[in-house]
Amino acid sequence: MKKILPPLLALLCLLLPVRAADFYDLPQNHWAGAEIRQALDAGVVNGYGDGSFQPTRKVTAAQFCAMLTRSFLAEEHAAAKEGKYQAMEACLPVLEGTSIEATWRDLGKRWDRYVDQPLSRYDMAQLMTNIMAQQGSSASEEAIQNILRMAELKAAGKIKKILVTGCMAQRYGEDVFTELPEVDGILGTGSYKDIVSAVEDVMSGAHPRYFGDLNAPVDEFGRVLTTPPWYAYLRIAEGCDNWCAFCIIPKLRGKYRSRPMDKVLAEAGELAARGVKELIVVAQDITRYGTDWDGKHHLADLLEELCKLDFHWIRLHYLYPDQMDERLIDVIAREEKILKYLDIPLQHCNDGILKKMNRRGDKAYIENLLDTLREKIPGVVLRTSLITGLPGEGEAEFEELCQFLWDQRMLRAGVFPYSPEEGTPAAKMDRVDTSEAERRAELVVDIQSRIMDQWNEDMQGEVVEVLCEGFDGQSMSYVGRSWAESPDIDGRIYFTADGEVEAGTFVRVRITGAMDGELTGELADE
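Cut-offs and rules
- Residues numbered from 1 in each chain as written.
- Predicted model: local features only at pLDDT ≥ 70, side-chain atom pairs only at ≥ 80, totals over all residues.
- Heavy atoms only, no water.
- Phe/Tyr/Trp six-rings, centres within 6.5 Å; stacked < 30°, edge-to-face > 60°.
- Buried < 20%, exposed > 50% of the residue type's maximum accessible area, 1.4 Å probe, protein only.
- Salt bridge = Lys/Arg side-chain N within 4 Å of Asp/Glu carboxyl O.
- Helix = DSSP H or I, 4+ residues; strand = E, 2+ residues; numbered from the N terminus.

Remarks on the packing of aromatic side chains
A ring pair, where both rings are aromatic, is described by two values, the distance of the centres and the angle of the planes. In this structure the tally under the stated criterion is six aromatic pairs. Ring geometry for Tyr231 and Tyr233: centres 6.0 Å apart, planes at 85 degrees, overall edge-to-face. Under the relative-accessibility criterion, Tyr231 is labelled buried at 6%. In this structure Tyr233 comes out as partly exposed when scored by relative accessible area, which is 28%. The interplanar angle of 80 degrees and the centroid separation of 5.1 Å between the aromatic rings of Phe471 and Tyr478 together place this pair among those described as edge-to-face. Looking at Tyr478, the relative accessible area reads 11%, which means it is buried. The rings of Phe471, Tyr478 and Phe495 are connected pair by pair, giving a single aromatic cluster.

In structure tokens:
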């Protein structure tokens, strides 16, 4: 009889082995899922209906770490069903953010009998980041995965140094060095002006730690355009003062600081002179622009000045509903260059959840705002973001959210299952388990897809202005965007033309069909 794996790995139950095919619903792009499929197909492990696995012979370190990841998630899921949230005892030091070194050494010794070679730090880090990712730390997991990939390139001599910047460096500070000794330097979100010095330091063999004042005025730099030449983002502020209960951004980015209007306009003028056709105005909350100067809203003033510059389109992202005043709405409605496309993150509609999450305004206010926007800006495309599984969301609150989305016909929506952020008030509140939040997100996406399908049907025969972004060899057609599609998040319009259409030019396209939720058409006669 085979030895039973430690409780860490397998639940104490007797279940019949399952076929490899039964596990093909694992995410195709998930590291653990891919390793498990290979091991099951090769017959080197048996899988059990509870989600755990047992090797039939020595397995690779990667396969074993994948089994541990999947077994841990199965155990957590079973515990969640009982209303409990617990982590494996051996993983607690890692999940709580302390050093993985002691855990790696201890567990590596205990697991040697199951693997064909001792587990490396990379194997352990891979295991732990997969576990943490599935528990809601996807941004951190992605950052750690990227660092580990860079560490491999560094070990192979393909790169010389690793400098970690941004939110992860700001959040974990010295722990980045402790957990990832391959890192040579760290740069917090308040120290972007020190990037050159940091690079010089690491290249000289030092291990710099730059953490500037998060609440200092926004640093001004020369602009490097990293997008295609026909569109560009213009950040008008840094930080956030909203303090939503589920969000960590104010702690990592500091208080809201508007950039001086003359600096913003100077940068915008430079972008226009370089041929940018579409200017995308962004910040964590653009509607709050200027309130940190004198308590008054100045976004409308800024937009009026931007409209005097040589842009064809101006697109607005992240307008908080409680900050949208009458003058701003009037400017958006009046100015032809401002696209009738507004990204307004609502997150939820239930009054109790909005209050608990420290969101200002209630459902009635939101509905009145949306009615006003549609009345004053005919044809406006509304985009929002919604979070399922927030603390306080039961079945009734979720059904209310679904009905709200269907009634309001929000054309675009980014839907996310709630992922608790360590250090936020919401992370300490009771909530449904992650799998339920994900299930609810899928249902909301389905509603959104039906809304989009109806809109696509209504667009048939319409002629729209499209910014051509090149030729797609797979579909053998040109691709572009209209006022209703923002780059990277809303899809594109595929269209045919008898002659050549240059990328970065505006053309008129007649909509004739839809393909996988995206519109298709043909170049309209002038």
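Some words on the pattern of salt bridges
This structure, assessed with the given rule, holds 32 salt bridges. Between Glu238 and Arg235 there is a salt bridge, and its shortest N-O distance comes to 4.0 Å. Owing to a relative accessible area of 35%, Arg235 belongs among the partly exposed residues under this scheme. Overlapping salt bridges bring together Asp301, Glu304, Arg327, Arg334 and Glu335 as one network.

Points about unusual backbone geometry
Located in the positive-phi region is Trp243, a residue other than glycine, with phi close to 55 degrees. Mapped onto the elements, Trp243 comes out in the loop between strand E8 (237-238) and helix H10 (249-253). Not every positive phi belongs to a glycine, and Tyr318 is a case in point at roughly 75 degrees. Looking at where Tyr318 falls in the secondary structure, it is placed in the loop between strand E11 (313-317) and helix H14 (326-334).

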